[in-house]
Amino acid sequence: MDSYAKILILLTGLILGLCAGFIMHRSDYCIAGMFRDVFIFNSWFRLRTLMLLVVSSMLLFEAARLAGVIPLYPFPLIGFPSLANLIGGFFFGVGMVLAGGCVVGTLYKLGSGSVPAMVAFAGLIAGSAVYGEVHPWWSSVIGKTILFNGKATVPQLLGMDPWLPVLLVSLAALCYFYRVYRLGGWTRPSYAEGSLQPWKAAIMLAAIGTVSVVVIGMPLGITTAYAKIAGCLESIFFTGHFQGLSYFKQTVVNYRHQLTGIQLVGGTGLELDAIALIQFPVITGIIIGSAFSAVQLKEFKIVANLPLKQYIAAAVGGLIMGLASRMAPACNIWHLLGGLPIMAIQSILFLAGIIPGACLGALFMSRLVIR
């Protein structure tokens, strides 16, 4: 039973990753670019589609919960809020704009041949390794800044069933979405063959996230796998030092898989555990899905002839993102597409941090990198 369950989880993650990579490449669905466009170009077009994705996920998640196919609520890895979520979100916002892509944007751009994305990916691994050095201190910061202990989501904080706040938020959002529709604000001219309008990508990605929650038991997430890669490299090159780092001995997930009944346990260490089983197939799928889309459109090419300062920005941004994704903890995909739809207070704080962080990152980009 265990082997069949693991194959199910692995294949689900791989297929969802393939679909996500394909969709993101076809629509250029980059969350870092959405925030950057607001602060550099005063354009809300792409960020508006992120709002659509969050609200669509909110409705789909709640429908699945009411149907009884999401027994784990809140999801595994959704913890109690802390000021660390706000601070981590701020630095993540800075890093993702400098890097030219978030943790997933980096992957789909890497799949289409972007060398700066490869540099940013290396920075993400390096940043995850840096976090291992400060983990004991940062853990104490988290412990001292816990907010609403015992309450992980807004519905829990308010003491009500989730369906009511979901309904109220969704109705308000739908009124805004309809107004945008009347003004023709959901589509933009597209001259590239095979391109996908971002609003369609948003709805498809919401469906992918819902399948992940129902089949795997949690939303899409990938950055703990980056920490695993960092730990593996560190264990090879700095074996003695690695063995003394407490961060790479953590268990971060421990839950019963609802469809098969097996216990899924995983952490940041070197073991091929539940984290490896869930996240590595998604990472692989996103890269391959994007590469397939690029090849099919005859757009795959190695993009390397760029100014040195863009490579420096990608490396620094990736490093900051890797460090911040551990500080937050977790990345924008986990918080914005997984936690925010269930109104996790952690994710609300992360969003509150990522906005000024992205603003500062955009300022650095416009003044120092792309003048």
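Each value, and the rule that gives it
- All residue numbers refer to positions counted from 1 along the written sequence of the respective chain.
- Thresholds applied to this predicted model are a pLDDT of at least 70 for local features of residues and 80 or more for the giving and counting of side-chain atom pairs; totals over whole chains, interfaces and linings are not thresholded and use all residues.
- Calculation of side-chain values draws on the structure's entire complement of heavy atoms; hydrogens and water are dropped beforehand.
- Note on aromatic contacts: the rings of Phe and Tyr and the six-membered ring of Trp form a pair at centre separations within 6.5 Å, being stacked when their planes are under 30 degrees apart, edge-to-face when over 60 apart, and tilted otherwise.
- Buried, partly exposed and exposed residues are distinguished by accessible area as a fraction of the type maximum, computed with a 1.4 Å probe on protein chains only: under 20%, between the cut-offs, and over 50%, respectively.
- Working convention: axes come from line fits to C-alpha atoms, limited for helices to the stretch in contact. Angles between N-to-C directions cover 0 to 180 degrees.
- Starting at the N terminus, helices and strands are each numbered in turn, a helix being any DSSP run of H or I of at least four residues and a strand any DSSP run of E of at least two.
- By definition, turning the near helix anticlockwise from the far helix through less than a right angle yields a left-handed crossing, and turning it clockwise yields a right-handed one.
- Under the grouping applied here, Gly and all other residues not named as nonpolar or charged are polar, the nonpolar ones being Ala, Val, Leu, Ile, Met, Phe, Trp, Tyr, Cys and Pro and the charged ones Asp, Glu, Lys and Arg.
- Here, a salt bridge means any Lys or Arg side-chain nitrogen found within 4 Å of an Asp or Glu carboxyl oxygen.
- By the convention used here, residues are in contact when the closest approach between their heavy atoms is within 4.5 Å.
- When DSSP finds at least two bridges between two strands, those strands are taken to pair.
- Patch rule: a residue counts if its relative accessible area is over 30% and it has no salt bridge; like charges are joined within 9 Å, and nonpolar side chains (Val, Leu, Ile, Met, Phe, Trp, Tyr) within 5 Å.
- Only the protein chains shown count as cover for residues, and the accessible areas themselves come from Shrake-Rupley with a 1.4 Å probe.
- By the criterion applied in these results, polar contacts are pairs of N or O atoms within 3.5 Å in which, for protein atoms, one can donate a hydrogen and the other can accept it, and in which residues neighboring in sequence qualify only through two side-chain atoms.
- Nonpolar core, defined: a set of buried Ala, Val, Leu, Ile, Met, Phe, Trp, Tyr and Cys residues in which side-chain atoms within 4.5 Å join the residues together.

Right, let's talk about the packing of aromatic side chains for a bit. One pass over the structure, following the stated rule, counts 12 aromatic pairs. Summarising the aromatic geometry, the rings of F177 and W186 are spaced 5.4 Å apart at their centres and angled 70° between planes, so their arrangement reads as edge-to-face. The two residues F177 and W186 agree in class, both being buried. On the basis of an interplanar angle of 40° and a centroid distance of 5.3 Å, the ring pair of F242 and F248 is categorised as tilted. Take F242: its relative accessible area is 11%, and that puts it in the buried class. One aromatic cluster is present, built from ring pairs that chain together Y131, F242, Y247 and F248.

Turning next to the packing of helix α4 (residues 83-99) against helix α15 (residues 345-369). With their axes 6 Å apart at the nearest point, α4 and α15 run at an angle of 35° to one another. Seen along the crossing, α4 lies across α15 with a hand that is right-handed. Residues of the contact of α4 with α15, tallied by class, amount to 17 nonpolar, 8 polar and no charged.

Scanning the entire structure with this criterion turns up 6 salt bridges. Residues D161 and R65 are paired through a salt bridge, measuring 2.8 Å at the closest nitrogen-oxygen approach. Of this pair, D161 sits in the loop between α7 (154-158) and α8 (163-182) while R65 sits in helix α3 (residues 45-66), and the two are 96 residues apart along the sequence. You can call R65 buried: its relative accessible area is 18%. Residue D273 pairs with K228 through a salt bridge whose shortest N-O separation is 3.2 Å. You can see D273 sitting in the loop between β2 (263-267) and α12 (274-296) and its partner K228 sitting in helix α10 (residues 223-237), a full 45 residues away along the chain.

A separate point is the side chain of T224. Relative to the elements of secondary structure, T224 occurs in helix α10. Look at T224 and you get buried, because its relative accessible area is 8%. T224 has contacts with V252, G267, T268, I275, Q279 and R326, leaving out every residue within four places of it along the chain.

Here we take up the pairing of β2. Each regular strand carries side chains that alternate between the two faces of the sheet. Two strands pair when backbone bridges link them, and strand β1 (residues 251-256) and β2 are joined in this way by 5 bridges, in the antiparallel orientation. In the strand pairing of β2, Y255 is matched with L264. Between β1 and β2, which pair antiparallel one after the other, the connecting turn spans 6 residues, and G261 there sits at a positive phi close to 85°.

Attention now goes to a nonpolar patch on the surface. A cluster of nonpolar side chains, contributed by L66, F148, L157, L158, M160, W163, L164, L167, L168, L171 and L174, occupies part of the molecular surface with about 1,000 Å² of accessible area. By residue number, the principal contributor to the nonpolar patch is α8, which donates 6 residues. Tracing the sequence through the fold places L158 in helix α7.

Further remarks concern the side chain of T106. Tracing the backbone through its elements, the reader meets T106 in helix α5 (residues 103-111). Here T106 is in contact with G101, A117, A120, F121, L124 and M321, once residues within four sequence places are set aside.

Going from Y73 to P74, the amide bond is cis rather than trans, its omega being -5°. The residue after A328, namely P329, is reached through a cis peptide bond having omega -15°. For P329, the position within the fold is in the loop between α13 (308-327) and α14 (332-339). Backbone geometry places A330, a non-glycine residue, at a positive phi of 85°. Tracing the backbone through its elements, the reader meets A330 in the loop between α13 and α14.

Within the secondary structure, T210 sits in helix α9 (residues 198-215). For T210, a relative accessible area of 12% gives the class buried. C-alpha of T210 to C-alpha of S57: the two residues are 153 residues apart in sequence and 6.9 Å apart in space. The residues contacting T210, other than those within four sequence positions of it, are L60 and F61. Within the structure, the side chain of T210 is placed 2.9 Å from the backbone oxygen of A206, a separation counted as a polar contact.

The biggest cluster of nonpolar side chains holds 91 residues, and the ones touching the most others in it are Y29, F35, L50, F92, M96, V103 and Y226. Considering every element that reaches this core, the biggest residue donor is α3, with 8 residues. The contacts of L50, once residues within four sequence positions are left out, are Y29, I31, M34, F35, L336 and L337. One finds Y131, V141, A227 and L245 within the second-largest nonpolar core, a separate group that totals 10 residues.

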